[in-house]
Amino acid sequence: MPPQNAPQPKPAGASAVKSVSTNKPKIRPEASENPPQSKSNKRKQPPQQNAGSNKLDKDTDSGRGPKRPKMHEVRSIAAQKSHAALKDGELNVQSFVNSLSFEMNALDESMRRTRTSQSSRAFQRVPFRMRRRAAAHNFRRVPKRLQKRAIREMEEDNTPTANSKTRKPKTTKARIRAETARRLGILAKRKRLQKLKSSGVDKETISIRAARPKIRRNTVNEPIITARKFRRRQISKTWLPTHLWHTKRARMTPPKEPLWRFSIPLTPTQKVYRPTHRIQWEKGAMAWDMSYMSTIGLSGPQNSVHNILKSLGLTQEALWNDKAKRWRSGAMHWSGTLTRKSNDSVQIIGPATIVWNPEKGVNDADQRKQFRQLYIRIHPSAFLETFNELLRLAKAQNPRPYIEDLRFEIGSIDITGPDSTEALLGVLKPYPPKSEGEQSHVSKFESLAGLKDPGTLPFGCLLAFSVADPRLRYPPRQVTLPRVDDHNAQKALLEAISSFRGEEEINPHQLFDRDARFKASKLPSQQSLNRRRGKGAPGTNLKPTTIDPPIPIILLASRHSIGSQSAGTWTLMLPWKCVLPIWYSLMHYPLSTGGNPWFGGLDEIRHLTFERGLPWFPGDFPGTDAGKVWELDERKVRQKLWNRRPKAKRVNWESLDLGAGRKGEVGIGWACDYEVLFGFKKADEPDKMLVDEKDGDGAPEQKSPNETQAAPVNPLESITQLSKSTFTAHQSPTSEPPPPTSLVTVNIRILGRGIANTCARVYRLPDTKPARVSTQAEVPATNPHYKKNEGKLPPNLRDQWLAQKPSKGSPRKKVVVKEDLDLETRQQLLAQQLLGPPEPYPPPPPNSENIQGHPLCPGEEDLIGFVTTGSFNLRDGRGDAIGSFSATRVLEELRRYRNKNDPNSRLCVVRNAGQNIGWLARWELI
């Protein structure tokens, strides 16, 4: 008989079944009668554990006492008995439904009650643009029609509210900080009073005018002084006037990686890709804070200023004859491309806008000595290059003009869309004019009610007048627009548009006056406006007084379309510190079509420029100095993204199979490798400019410590950019050929399917090289038979690509027949078709075994350029791209076709980097 306290034997399989724990601790089993002990080890052996004991027995078998029941309850796994409807592995549906009938009826009753009751809160009834993550704690975040309901719901739910203005410090640290700030304020006030008393003034108050900021001539000026608490954040960059407004609503450039030394909004946090397209072509308005655009002032004698402008590329005769008299008088603006001469060649600087300051009429004898002013508005990436070129040209003039850096003096706002004119009419309220010239511009601006597209205005349209502080009439109200079916209003609008071309007497623009800009920047504070508004009746607008200075502005209307569809843009130039008040009112203006104007970032500018079929500066101008810097920076960004990918998920450029025995990508896959295009390096040679280049495993390349690092040379330094007019001058047979390392900008439209991405390779169609025919040969020579495995491109590759061109009529492809074959060759082909095995019908497409029937891409010798911007064009409904081609190969391609209207001219093949499939496209010069 076993002893009473001995453990009972376990049934078979007991170790595999997990026991259900209870709150009672388990009894520790007794140790074995003869435990194995070593003579050398005098320490007491712990009690041995049975092999079949579970995890819970480990704690009870140790020397410690049993754990608390709470620990066992936490570690226990709840178990439920099998359902009564489940018998022998089969489910009785009827009994299962009857057992859950109460829960089903309760769910149905709850759904019925919820359907009739209000299931949404006030904070869920606002548009998605107004929603905030913490809006449930502030009822002022919802529209006024929902604020009472939000307050009632917050009281029912006992939701705490926070008000930073009336909130008292709760912690000891916060109370000490508030008390210290209060005492420091009292101490500073006492010091100011003592300083006034020491100067001899006791009771009178002295008002000191703030010093006007200095603008140094012929040198670059420093950025404006911002609030003290934000100075440390702008050590290496400058904030836009609307920076704090944008940081809450848009994705900004990284703090340590500014763009052109500015903190620029890239794109709104909400989804705006499709709304941006609709705003451009359907309804609405979109605005941008373009204060980062650089403004340069040029002043001096008229003759010297004319010579400088001609040296910057303004050599067209139409700019200096009587037809351009309105532009030189300041009645209109000019937009074009600036150039500079370098080493007997012409280099493109970038697109710019020039506005003259009108002057009163003088005699013809004093016209050369007349003092003139003008503004040059250019992209910030080309500012330093333009400023240095102006300095060099100004030193060569006698008398010498001077240059001013007005980047932080003048800001700007761009707004586009069918409702852009309405938004400007509702926000810009003219200040009482002082002269007849301003009165004429004000009347012209107010007569544009109902204008849907600024591009319909005459080319170079300009309006200059002064406006009142928009905060006096905040919130802005809708303006009265004429009805669409009102023919008299439409006739009056057409007459107003035609009146812009009339000759009129123009007074100097106030924006050119330094004192007027300084006075406009001293706007009254918002607190003073609130006090004035509180004294009047609710809902009444404030009238401008002597303490409300006028804001001088210049309004420019520009066109951006090449074809029939035009889309214009308004550019508002105004003092830097006046941008924020006008921006607030512009964003809150209620449009007649519904909603408010949207705001955009840098990505939206590139999106609209791409849909218009125009190149974007500097990304689509790799031949300029600004474009070279942009291309090198983008290479590093794409390379970092490629290195961050796992090795199994990134493209292996070396193993890319292009067919016909060709292995590897042409050049570097993440770059527009112009070095390979112009023969500066071989296709398989790495780029020496990429300082962050890593090997295949992602580890940085190790160099010996004794190795000397030479200064890197920019491989794109010798590349130049040609404009369309300059390239057209090289097309005549008698003219000189373009520089061998020059680029031209083209617009690429894919004819069928496919989308071109950035860095895509573009090839021209290969030439058909017929076999040489000898006059002494007895048998005429024919093209050799093509074999796929020979490592050569097929001789009919051009015909294969031409067969990919979609036909306008029936979708059936036409059979390509060679008409230049002689009679004997035709007989041989006919005999081969009759005696040979029957071919499958329909015939399989070429290369159907390896690249899904697509023709092979041409070779590296037919590489013509790269795609700088490519995507799907929502306006055209197909793939579109902007590219940069070699000017020499483009000229060869144009001279290949004698007839300009040849349907096969200007065809190309576009292949994305890392892919072996190409798409047929057609290119046009821009």
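Structural notes, computed from the coordinates.

The rules behind these values
Throughout this description, residue numbers start from 1 for each chain and increase along the sequence as written. Since the coordinates come from a predicted model, pLDDT governs what is reported: local features require at least 70, and pairs of side-chain atoms require 80 or more to be given and counted, while whole-chain, interface and lining totals use all residues. Each side-chain value is derived from all of the structure's non-hydrogen atoms; neither hydrogens nor water enter the calculation. Only protein atoms enter the 1 Å grid, on which a cavity is a set of points fitting a 1.4 Å probe that cannot get out and a pocket is an open set with protein on both sides within 12 Å along at least 5 of 7 lines, lining residues being those with an atom within 4 Å of a point. Grid points are joined across faces, edges and corners, and a volume is the space filled by probe spheres set on the points. Asp, Glu, Lys and Arg are counted as charged, while Ala, Val, Leu, Ile, Met, Phe, Trp, Tyr, Cys and Pro are counted as nonpolar; the rest, among them Gly, fall into the polar class. Any residue with relative accessible area above 30% and no salt bridge may belong to a patch, with like charges joined within 9 Å and the nonpolar Val, Leu, Ile, Met, Phe, Trp and Tyr side chains within 5 Å. Throughout, the Shrake-Rupley method with a 1.4 Å probe supplies accessible areas, and for residues the shown protein chains are the sole cover considered. Any carboxyl oxygen of Asp or Glu within 4 Å of a side-chain nitrogen of Lys or Arg constitutes a salt bridge here. Working definition: helices are DSSP H or I runs of at least four residues, strands are E runs of at least two. Numbering for both runs from the N terminus. We call a set of buried residues a nonpolar core when its members are Ala, Val, Leu, Ile, Met, Phe, Trp, Tyr or Cys and they connect through side-chain atoms within 4.5 Å of each other. For every residue, the accessible area obtained with a 1.4 Å probe (protein chains only) is divided by the maximum for its type, and the residue is called buried under 20%, exposed over 50%, and partly exposed between those limits. In this description, contact between two residues means that some pair of their heavy atoms is separated by no more than 4.5 Å. The definition of a polar contact used here is a pair of N or O atoms within 3.5 Å, where within protein one atom must be able to donate a hydrogen and the other to accept one, and adjacent residues in sequence count solely through side-chain atom pairs. Here is the rule: rings of Phe, Tyr and Trp (six-membered ring for Trp) pair when centre to centre is within 6.5 Å. Planes less than 30 degrees apart are stacked, more than 60 are edge-to-face, and the remainder are tilted. For two strands to pair, DSSP has to find at least two bridges joining them. Whenever a helix is involved, its axis is fitted only over the stretch in contact; in every case the axis is a line through C-alpha atoms, and angles between N-to-C directions fall within 0 to 180 degrees.

Looking at empty space enclosed by the protein
At step 1: In total, this model carries five cavities of 30 Å³ or more according to the counting rule given.
At step 2: What the second largest cavity holds in volume is close to 50 Å³.
At step 3: What lines the second largest cavity is simply Leu240, His246, Ile264, Pro265, Trp288, Asp289, Met290, Tyr292, Gly600, Gly601, Leu602 and Ile605.
At step 4: Residues belonging to the lining of the second largest cavity are distributed by class as follows: eight nonpolar, three polar and one charged.

Comments concerning a nonpolar patch on the surface
At step 1: Residues Leu86, Leu91, Val93, Phe96, Val97 and Met104 make up a contiguous nonpolar surface patch of about 510 Å² in total accessible area.
At step 2: The leading source of residues in the nonpolar patch is helix α3 (residues 93-99), at three residues.
At step 3: Mapping Val93 onto the fold places it in helix α3.

A word on the nonpolar core
At step 1: Membership of the largest hydrophobic core comes to 42 residues, with the highest contact counts inside it found for Ile415, Leu428, Phe445, Leu457, Ile553, Trp570 and Leu572.
At step 2: Within the residue set of this core, elements represented by two or more residues are β13 (410-416), α12 (420-427), α13 (436-446), β14 (462-467), α14 (487-498), β15 (551-558), β16 (569-575) and α17 (579-587).
At step 3: Contacts of Ile553, omitting those with residues within four sequence positions, involve Leu428, Leu463, Ala464, Phe465, Val467, Leu572, Met573 and Leu574.
At step 4: Leu314, Trp327, Ile349 and Ile376 belong to the second-largest nonpolar core, a separate cluster that totals 32 residues.

With respect to the environment of Arg878
At step 1: Structurally, Arg878 can be placed in strand β24 (residues 878-886).
At step 2: The exposure class of Arg878 is partly exposed, given its relative accessible area of 29%.
At step 3: Setting aside its immediate chain neighbours within four residues, Arg878 contacts Arg749, Ile750, Ser871, Phe872 and Asn873.

Here we look at the side chain of Thr869
At step 1: If you trace the backbone, Thr869 turns up in strand β23 (residues 863-873).
At step 2: Within the structure, the side chain of Thr869 is placed 2.8 Å from the side chain of Asp620, a separation counted as a polar contact.
At step 3: Excluding residues that lie within four positions of it along the chain, Thr869 makes contacts with Arg606, Phe610, Asp620, Thr758, Ala881 and Ile882.

A closer look at the packing of aromatic side chains
At step 1: For the coordinates displayed, the defined rule picks out 20 aromatic pairs.
At step 2: Arranged with centres 5.6 Å apart and planes meeting at 40°, the rings of Phe383 and Phe387 form a pair that is tilted. Residue Phe383 and its partner Phe387 are both found in helix α11 (residues 383-395); the two are separated by four residues, about one turn of the helix. Phe387 matches Phe383 in its accessibility class, with the two residues each being buried.

A short note on the sheet that holds β16
At step 1: Pairing in this open sheet of six strands is mixed, and the strands run β14-β15-β16-β13-β7-β17 from one edge to the other. Two strands bound the open sheet, and with one partner strand each, they are β14 and β17 (598-599).
At step 2: Sheet analysis places β15 next to β16, joined by five bridges and oriented antiparallel. Of the residues in β16, the one forming a bridge with Ile554 is Met573.
At step 3: Here α17 sits on the sheet in contact with β7 (286-289), β13, β16 and β17, set at roughly 15° to β13.

Observations concerning the pattern of salt bridges
At step 1: Taken as a whole, this structure holds 23 salt bridges when the rule is applied.
At step 2: With a closest N to O distance of 2.9 Å, Arg340 and Asp625 form a salt bridge. Here Arg340, found in strand β9 (residues 334-342), pairs with Asp625, found in helix α19 (residues 625-644); they are 285 residues apart in sequence, far enough to count as distant.
At step 3: We note a salt bridge from Glu409 to Arg517, for which the minimum N-O separation is 3.2 Å. In this pair, Glu409 is assigned in the loop between β12 (402-405) and β13 and Arg517 in helix α15 (residues 514-521), connecting sequence segments 108 residues apart.
At step 4: On the basis of relative accessibility, which here comes to 18%, the residue Glu409 falls in the buried class.
At step 5: Note on Arg517: relative accessible area 4%, which makes it buried.
At step 6: Here the salt bridges do not stand alone but share partners, grouping Arg340, Glu385, Asp625 and Lys628 into one network.

By themselves these figures say nothing about function.
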